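Secondary and tertiary structure notes
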Amino acid sequence: MRRIWWFSLFVLVLSACPPTIDTGDGGDGPLVIGPEGGIFIRPGIGIEVPRGAVDSETTLIVTIVDSDIPEVPERTRVSFGYRISPQTLKLKQQITLHLPWLDERVPKGVDPGSFDMRRRTSTEAYAQLSGARTNTDPVKEVQANTDKLGLFWVTSPTQANVARLELDPTEATMRVGDTKPFTAQVIDPSGQPLDVPVSFTVAPPRVGVMDGGVFIALDPGSATITASAANQTATATVHVQGTTVGPSTFVHENPFPTGNDLHGGVVAPGGLGTVFVGGNATVLARTSAGAWSRLFSSPGVTLKAAGGTTIDDAVAVGTVGTSGVLVQLKGASASPAAMVFDPRQISDLDALAFDGTFGMAVGEGNDVMLYKNGTWVHEANPSFEKLLAIIGDGAGGFVVVGNLGSLYRYDPALGVWNSLYQTRLSVLLTAAALVDPATPQAWAIGGQQLWHFQAGAWTAMPLPLTPKLDEVTALGLFDGRVVITGRTGTAGTILMHDPSGQAVDGGAAVPWTSYATRRRMIPRGVFGGGASSGVGWVVGDLGLVEEWTNGSFTELSKGFLGDVFDLVAVGSDVILTENECLDDACLAQEGHVMHLGASGGGLEPLGPQAFGGALYGIVAKAPNDVVVATSTGLSHWDGTTWTRLGVTSLMGPIYDLAVCGARFYGAGKGGAWYQGTWPNLAYGGSLVQQSSDLHALFCRDESELWVAGDGMMASRTGTDPWNPKTSQSVRPGPWRAVWSPGPGEGFAFGDSNYGVYWDTAQLNALQQLGGLSVDVVEGLWGSSIDNLYAVGLTNPPVKGGFALRFDGLNWTPVDPGSQRRVTVIHGSSATNIWLGTEGGGVLKAVAP
């Protein structure tokens, strides 16, 4: 036991202590302690006894043992055991014990500072002594205090003292079925590697498993590998990309031909037909037989004018954010090409003259765009005014008019602009059109007057007092008439002026006539086949298309104009709730349940509906088995009749409904959630404060339900209590959508620039999805984790509806087909996916 050297070193350590030292004649023999105390050295043990610990001389016996010593959980014994008798002795003061450890018994990498001393008595199994301290110089020993006698020994942690754990690589991208080794290295405090066991976990386990140190990718998504050794952990992130092919664009089903705002167009002289352009970079073509086709679409872009003769040379211009944009369609065999300009050069392009050979696009900025030698190039703007209109002479010359009435002619031979007349006005013009480039005439609107330029001067006449235009939106010429459009209150108005004084509708001469468009459909553009052509078009908000033929207007657009609140794809049908405003402030709403129907004529009401007021969540088991949430409860459609259903303890509107087998759920106003059996519900409780709401439900299967709302994301398995998903580092958001890819996993997004993902173990923030500046995510839906879609509204400078697709690895923007806020998404397969929007847009995915 290396007794002699240990004795001498121990004496040196205690030499500054009380002078009474008993070594027991070389280290052996009983200990006799008295009231004066002292230091007692025996084989492998040192005992410090303070004065007054005992009243009279007492004999202690020290016995060294190496068996029958209790095991301490998660610790290992690194010394002999020392039994000190008699155990019945009552000490009046604590004594201090000094016990050495055996190096060969210490686990590799364990820091001696983590050692402690244990005591066993008749009433204690392995009590930890107080005041334990480890000494390594000059003696390796542990000292501790005790007020009782018994069996004493030193213990160490069973695991190494790990300074850090390193996992390599820290990130990897894989595909389903791939394998990849990960190396875990354990480092001790001195920086040396340790040979200690490492364990692995994966969250979520759906994505993959660790086999030893090898990761096996099982399913798309992102997973966190956590390596653990002793008290240290290290993590790595694995991204598993999926292979599901999903839609990348959506097209309008109602209204038709589009629900996007239209701003202009052109009646092309060649085979292109009539072209309409507008929001979401919509480019539509209509043949003389009345057939519609979509030529182009792109999120965030607003097109305002078009030109060309065929699909191969067609061009559209407009704006994206604060920049002007020019799009060349290039026909069916090539992808369209877009030119986006520096805002200091061109911030907007509003007007275009292009005949396939010569062209110019004008608007606002220091430059205009000129089509020269088969290429669009920059040309200097002749004025600081915003250019409102342009006309070409068919030989490369153009005339433009600015918003202060200035007219300029472009000379293609010299490449210069010439001011035609000193024509500047003191009134700001908002819309204009030009006639005959040889001896220019112009019409314009400004200061509630119609201005006419001819013979080198402007003259003006007042607009009609009834109907009075609160806003003028466009001016154009067709059928020998001046056509002015605008807004009267919240309604659209078309004014027509006949300069010749001829009657518009027959009978006596009427210089002004007016037409009203449907509610919310404000006209934005006027174009035709020429100033004297009998064909003309007025286009505007929500896809308004008014055709002028035979002296009257016919609206070709159709469909409801309310906002889609919820929809469900079921079989080959889509069923939705939409709410239309009954007043200008939209304080009162009237809801309708719509569906595709079998007539092929677009969306139509689902049966005779007796309920009134706004409508909310909708869910269906089949086209003839539908439940909708009304302001007073639920209504059930059985294929023939709507039947009103009460909801036990209804707390307010139910914003979302979900059915999972025999289970039926709802969530809504005041944080209330509801449960029942189809088609009935009863109040189940409130998950958030009554001033907050729950907005979304998702049931992955009958066993697991997810809910999201204001500051709340939670899941529930079976009848277990709700389990909120929280994190100290992630602030809860006003969530509007929730979706679960697998057991214990959930996504939530809402009115915030980030979302969250609960990976079965922790809450992870998801920011800058697809590089978009997101204002609000309104809906989530996926056929699988690698075909997941998020929809909503973006922030400026490019504000509009958006859709993002997640392939298990990346969020990528796709074309939602809508410029407006996308309010809801649902599908019944990987390609049968539907969107609903503000303004009544209902869009179906285009199968890839």
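Here, the structure is the one placed above.
Quick look at the structure, then. Computed from a prediction, not measured in an experiment: that's the story for all the values here.

**Notes on the state of the cysteines**
Taken as a whole, this structure holds one disulfide when the rule is applied. Between the sulfur atoms of Cys660 and its disulfide partner Cys699 the distance amounts to 1.5 Å. Placement of the pair is Cys660 in strand E61 (residues 654-660) and Cys699 in strand E65 (residues 694-701), with a sequence separation of 39 residues. Here Cys660 falls in the buried class, since its relative accessible area comes to 6%. Residue classification places Cys699 among the buried positions, given a relative accessible area of 13%.

**With respect to the environment of Ser56**
Tracing the chain through its elements places Ser56 in the loop between strand E4 (45-49) and strand E5 (58-65). Spatially, the C-alpha atom of Ser56 lies 121 Å from that of Thr309, the residues being 253 residues apart in sequence. Apart from residues lying up to four places away in sequence, Ser56 is in contact with Ile33, Gly34 and Pro35.

**Some remarks on the packing of aromatic side chains**
One pass over the structure, following the stated rule, counts 32 aromatic pairs. On the numbers, 5.0 Å between centres and 80° between planes, the contact of Tyr515 with Phe553 is edge-to-face. Taken together, the residues span a long stretch of sequence, with Tyr515 in strand E48 (residues 512-516) and Phe553 in strand E52 (residues 552-555) at a distance of 38 residues. Phe553 sits in the buried class, given a relative accessible area of 16%. Plain terms: the ring middles of Phe565 and Tyr655 are 6.2 Å apart, the flat faces sit at 40° to each other, and that makes the pair tilted.

**Some words on the pattern of salt bridges**
Overall, the coordinates contain 33 salt bridges when judged by the stated rule. A salt bridge links Asp55 to Lys92, with the nearest nitrogen and oxygen atoms 2.5 Å apart. One end of the pair, Asp55, is in the loop between E4 and E5; the other, Lys92, is in the loop between strand E7 (81-85) and strand E8 (95-100), and 37 residues separate them in sequence. Take Asp55 and Lys92: they sit in the same class, and that class is exposed. With a closest N to O distance of 2.8 Å, Asp261 and Arg820 form a salt bridge. Of this pair, Asp261 sits in the loop between strand E24 (250-254) and strand E25 (262-267) while Arg820 sits in the loop between strand E76 (811-814) and strand E77 (822-827), and the two are 559 residues apart along the sequence. Accessibility classification places Asp261 together with Arg820 in one group, the buried group.

**Topic: the sheet that holds strand E11 (residues 130-135)**
Spatially, the six strands line up as an open sheet ordered E1-E3-E4-E8-E12-E11, and their pairing is mixed. At either margin of the open sheet sits one strand with a lone partner, and together these are strand E1 (21-22) and E11. With two bridges joining them, E1 and strand E3 (residues 38-42) adopt parallel strand pairing. Paired with Ile21 across the strands is Ile39, a residue of E3.

**Topic: empty space enclosed by the protein**
Following the criterion strictly, the structure yields two cavities of 30 Å³ or more and no others. Counted as a void, the largest cavity has a volume near 40 Å³. As for the largest cavity, its lining consists of Phe749, Ser752, Asn753, Tyr754, Gly755, Leu766, Gln767, Gln768, Leu769, Val774 and Val777. Put simply, the parts of the chain that give the lining of the largest cavity at least two residues each are strand E71 (754-759), strand E72 (763-767) and strand E73 (774-782). Grouping the constituent residues of the lining of the largest cavity by class yields six nonpolar, five polar and no charged. When its volume is computed, the second largest cavity comes out at roughly 30 Å³. Surrounding the second largest cavity, Arg663, Tyr665, Glu702, Ser703, Glu704, Leu705, Arg716, Thr717 and Gly718 form its lining. Put simply, the parts of the chain that give the lining of the second largest cavity at least two residues each are strand E62 (663-668), strand E66 (704-709) and strand E67 (712-717).

**Topic: unusual backbone geometry**
Cis geometry is adopted by the peptide bond preceding Pro204, which originates at Ala203 and carries an omega value of 0°. Examined against the element boundaries, Pro204 turns out to sit in the loop between strand E19 (199-203) and strand E20 (208-211). For the bond running from Trp678 to Pro679, omega is 0°, close enough to zero to count as cis. Secondary-structure assignment places Pro679 in the loop between strand E63 (672-677) and strand E64 (682-686). Phi at Gln448 takes a positive value of approximately 60°, unusual for a residue other than glycine. Within the fold, Gln448 resides in the loop between strand E42 (441-446) and strand E43 (449-454).

**Description of the layout of surface pockets**
In this model, the second largest pocket occupies a volume close to 1,100 Å³. If you trace the second largest pocket, you find 41 residues lining it, with Asp566, Tyr655, Asp656, His695 and Val824 closest to the centre. In terms of residue count, strand E53 (residues 563-570) provides more of the lining of the second largest pocket than any other element does, eight residues in total. For the lining of the second largest pocket, the per-class residue count stands at 25 nonpolar, nine polar and seven charged.

**Re the nonpolar core**
In terms of nonpolar packing, the biggest core is built from 30 residues, with Met713, Phe747, Phe749, Val756 and Trp811 touching the most fellow members. Leu31, Ile84, Leu129 and Leu149 belong to the second-largest nonpolar core, a separate cluster that totals 27 residues.

**Overview of the environment of Asp584**
Structurally, the position occupied by Asp584 is in the loop between strand E54 (573-581) and strand E55 (589-595). With a relative accessible area of 57%, Asp584 lands in the exposed category. Spatially, the C-alpha atoms of Asp584 and Ala432 are 30 Å apart, while their sequence positions differ by 152 residues. Setting aside its immediate chain neighbours within four residues, Asp584 contacts Thr490 and Arg519.

**Some points on the pairing of E4**
Most of E4 sits inside the fold, with five of its five residues counted as buried. In this sheet, E4 lies alongside E3 in antiparallel orientation, the contact comprising five bridges. Its bridge partner lying in E4, Phe40 is registered against Ile47. Relative to E8, E4 runs antiparallel, the two sharing three bridges. Counted as the bridge partner of Ile47 is Leu97 from E8.

**Quick look at the side chain of Asp786**
Considering the arrangement of structural elements, one finds Asp786 in the loop between E73 and strand E74 (788-794). Arg805 provides the closest opposite charge to the buried, unpaired Asp786, separated from it by 6.1 Å. One polar contact links the side chain of Asp786 to the main-chain amide nitrogen of Thr243, over a distance of 3.0 Å. If we ignore the near neighbours within four places in the chain, the residues touching Asp786 are Pro220, Gly242, Thr243, Thr244, Arg805, Phe806, Asp807 and Gly808.

**Side note on the sheet that holds strand E15 (residues 171-175)**
Taken in spatial order, the four strands line up as E15-E23-E22-E19 in an open sheet, and their pairing is mixed. Looking at strand neighbours, the two that pair on one side only are E15 and E19, the edges of this open sheet. Averaged over all pairs of adjacent strands, the angle between strand axes in this sheet comes to 25°, irrespective of strand direction. As judged from the five bridges shared by E19 and strand E22 (residues 221-229), these two strands associate in the antiparallel manner.

The rules behind each value
Residues numbered from 1 in each chain as written. Predicted model: local features only at pLDDT ≥ 70, side-chain atom pairs only at ≥ 80, totals over all residues. Heavy atoms only, no water. Disulfide = S-S within 2.5 Å. Helix = DSSP H or I, 4+ residues; strand = E, 2+ residues; numbered from the N terminus. Buried < 20%, exposed > 50% of the residue type's maximum accessible area, 1.4 Å probe, protein only. Contact = heavy atoms within 4.5 Å. Phe/Tyr/Trp six-rings, centres within 6.5 Å; stacked < 30°, edge-to-face > 60°. Salt bridge = Lys/Arg side-chain N within 4 Å of Asp/Glu carboxyl O. Pairing = 2+ DSSP bridges. 1 Å grid on protein atoms, 1.4 Å probe; cavity = no way out; pocket = protein on both sides within 12 Å on 5 of 7 lines; lining within 4 Å. Points joined across faces, edges and corners; volume = space filled by probe spheres on them. Nonpolar A, V, L, I, M, F, W, Y, C, P; charged D, E, K, R; others polar. Core = buried A, V, L, I, M, F, W, Y, C linked by side-chain atoms within 4.5 Å. Lys, Arg positive; Asp, Glu negative; His and termini not counted. Polar contact = N/O pair within 3.5 Å; in protein donor to acceptor, adjacent residues only side chain to side chain. Axes fitted to C-alpha atoms, helices over the stretch in contact; angles between N-to-C directions.

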